[in-house]
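Listed below are the residues making up each chain.
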Amino acid sequence: MRTEVANRLVMTKALVSARRQPSTPNSYAWVWAFPLRDGNFRVSTVEIPKPFVDEDTCFGEEDIERVHVATVETVEEIDTVMRELGVDPETLDAPWKNDFPL
């Protein structure tokens with residue numbers, strides 16, 4: 001059964017993200033899912049040092065830790081990957097609703 005958020009991801013073909021537990025206490029972390037042109041979905045994590053976020057400082061790609069987690073075929077697989085990462089799939093939402101760094 002698809003979640004409401006998952007249906008939105010498929011219908012809008014837009015990125016969704018959620019906060020997640022960072023690997024270090026000095027970072028903020030998110031997980032995101034993005035529809036690819038071939039119909040699959042990419043799931044990745046991103047971590048940014050807290051000072052950049054807290055002080056609203058400009059930062060570059062070299063300051064961001066990105067990890068490609070999976071490329072999956074279905075929304076149900078996204079839900080599974082999210083749970084494996086410790087994230088409730090229902091918390092996936094538009095990036096601006098959880099301060100995802102665009």
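This text follows the structure it describes.
What counts, and where the lines are drawn
- Residues numbered from 1 in each chain as written.
- Predicted model: local features only at pLDDT ≥ 70, side-chain atom pairs only at ≥ 80, totals over all residues.
- Heavy atoms only, no water.
- Salt bridge = Lys/Arg side-chain N within 4 Å of Asp/Glu carboxyl O.
- Helix = DSSP H or I, 4+ residues; strand = E, 2+ residues; numbered from the N terminus.
- Buried < 20%, exposed > 50% of the residue type's maximum accessible area, 1.4 Å probe, protein only.
- Pairing = 2+ DSSP bridges.

**Student:** I'd love a proper account of the pattern of salt bridges, names of residues and values included.
**Tutor:** One pass over the full model with this rule turns up two salt bridges. Salt-bridge contacts for Asp-99 lead to Arg-19; the nearest nitrogen and oxygen are separated by 3.6 Å. With Asp-99 in the segment after α3 (75-84) and Arg-19 in strand β1 (residues 16-20), the pair connects residues that are 80 residues apart, well separated along the chain. Exposure remark for Asp-99: the relative accessible area of 54% places this residue in the exposed category.

**Student:** Can you lay out the pairing of strand β2 (residues 27-35) for me, pointing to particular residues and giving the numbers?
**Tutor:** β2 sits mainly inside the fold: seven of its nine residues count as buried. Relative to β2, β1 runs antiparallel, the two being bridged by five bridges. Looking at the pairing, Arg-20 lines up with Ala-29 of β2. Linking two consecutive strands that pair antiparallel, namely β1 and β2, is a turn of six residues. Linkage of β2 to strand β3 (residues 41-49), two consecutive antiparallel strands, is achieved through a turn of five residues, within which Gly-39 is found at a positive phi near 95°.

**Student:** Outline the environment of Ser-23, listing residues and values.
**Tutor:** Along the chain, Ser-23 turns up in the loop between β1 and β2. In this structure, the C-alpha to C-alpha distance between Ser-23 and Glu-47, residues 24 residues apart in sequence, is 8.1 Å.

**Student:** Go over unusual backbone geometry with me, naming the residues and quoting the values.
**Tutor:** Phi is positive for Asp-56, which is not a glycine, with a value near 50°. If you trace the backbone, Asp-56 turns up in the loop between α2 (50-54) and β4 (65-72). With phi around 60°, Asp-99 is a residue other than glycine that occupies positive phi space.

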